[in-house]
Amino acid sequence: MARVVVEVMPKAEILDPQGQAIVGALSRLGFAGVSDVRQGKRFELEVDGSVGDAEVEKIAEALLANTVIEDWTVRRIDGDA
């Protein structure tokens, strides 16, 4: 078994109202120096040896990300991460 992480983020040109709300909250709470926040999603998939990176990419594109407004990345991690 392997663990695969798919990270999904809004494309740079897409407004991120949740990220903007976090920036405002940080400022109100007294945290200075944070000028931008982008909020995304992280999916961890446990896959067996028959599932290659190309198949995980198809999964990400078909189900996990809205490719019109989101970018995604796939990476494999070891069992300790």
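Described below are features of the structure shown in this document. Just so it is clear, the model here is predicted, and its values are computed rather than measured.

Attention shifts here to the sheet that holds strand E1 (residues 2–10). Sheet architecture is open: three strands sit in the order E2-E1-E3, paired in antiparallel fashion. The open sheet is flanked by strand E2 (41–47) and strand E3 (70–77), the only strands paired with a single partner. Along the sheet, successive strands turn relative to each other by an average axial angle of 20°, direction set aside. In this structure, E1 lies alongside E2, joined through seven bridges in antiparallel fashion.

Right, let's get into the environment of glutamate 61. Mapped onto the secondary structure, glutamate 61 falls in helix H2 (residues 53–64). Note on glutamate 61: relative accessible area 47%, which makes it partly exposed. C-alpha of glutamate 61 to C-alpha of threonine 73: the two residues are twelve residues apart in sequence and 10.0 Å apart in space. Leaving out residues up to four positions away in the same chain, glutamate 61 has contacts with Thr67 and Trp72.

Quick look at H2 now. Residues spaced three or four apart along an α-helix face the same direction, because each turn holds 3.6 residues. Within H2, burial applies to Val56, Ala60 and Leu64. Looking down the long axis of H2, one finds its buried residues gathered within 45° of arc, a one-sided arrangement. Projecting away from the buried face of H2 at angles above 90 degrees are the exposed residues Ala54, Lys58 and Ala62. On the buried face of H2, the contacting elements are E1, E2 and E3.

Here glutamate 70 shows up in strand E3. The buried category is assigned to glutamate 70, whose relative accessible area is 13%. Only 3.3 Å separates the side chain of glutamate 70 from the side chain of lysine 41, close enough to count as a polar contact. In terms of polar contacts, glutamate 70 uses its side chain to reach the backbone amide nitrogen of asparagine 66, at 2.7 Å. Once residues lying within four places of it in the same chain are set aside, the contact partners of glutamate 70 are Val8, Met9, Pro10, Lys11, Lys41, Leu64 and Ala65.

Burial of nonpolar side chains together is a common tendency in soluble globular proteins. By size, the foremost hydrophobic cluster in this structure holds ten residues: Val4, Val6, Val8, Leu45, Val47, Val51, Val56, Ala60, Leu64 and Ala65. At the level of elements, E1, E2 and H2 are the ones that each hand at least two residues to this core. Setting aside residues no more than four positions away along its own chain, valine 51 makes contact with Val56 and Arg76.

Parameters and conventions
- Residues numbered from 1 in each chain as written.
- Predicted model: local features only at pLDDT ≥ 70, side-chain atom pairs only at ≥ 80, totals over all residues.
- Heavy atoms only, no water.
- Pairing = 2+ DSSP bridges.
- Helix = DSSP H or I, 4+ residues; strand = E, 2+ residues; numbered from the N terminus.
- Axes fitted to C-alpha atoms, helices over the stretch in contact; angles between N-to-C directions.
- Buried < 20%, exposed > 50% of the residue type's maximum accessible area, 1.4 Å probe, protein only.
- Contact = heavy atoms within 4.5 Å.
- Arc of directions from axis to C-beta.
- Polar contact = N/O pair within 3.5 Å; in protein donor to acceptor, adjacent residues only side chain to side chain.
- Core = buried A, V, L, I, M, F, W, Y, C linked by side-chain atoms within 4.5 Å.

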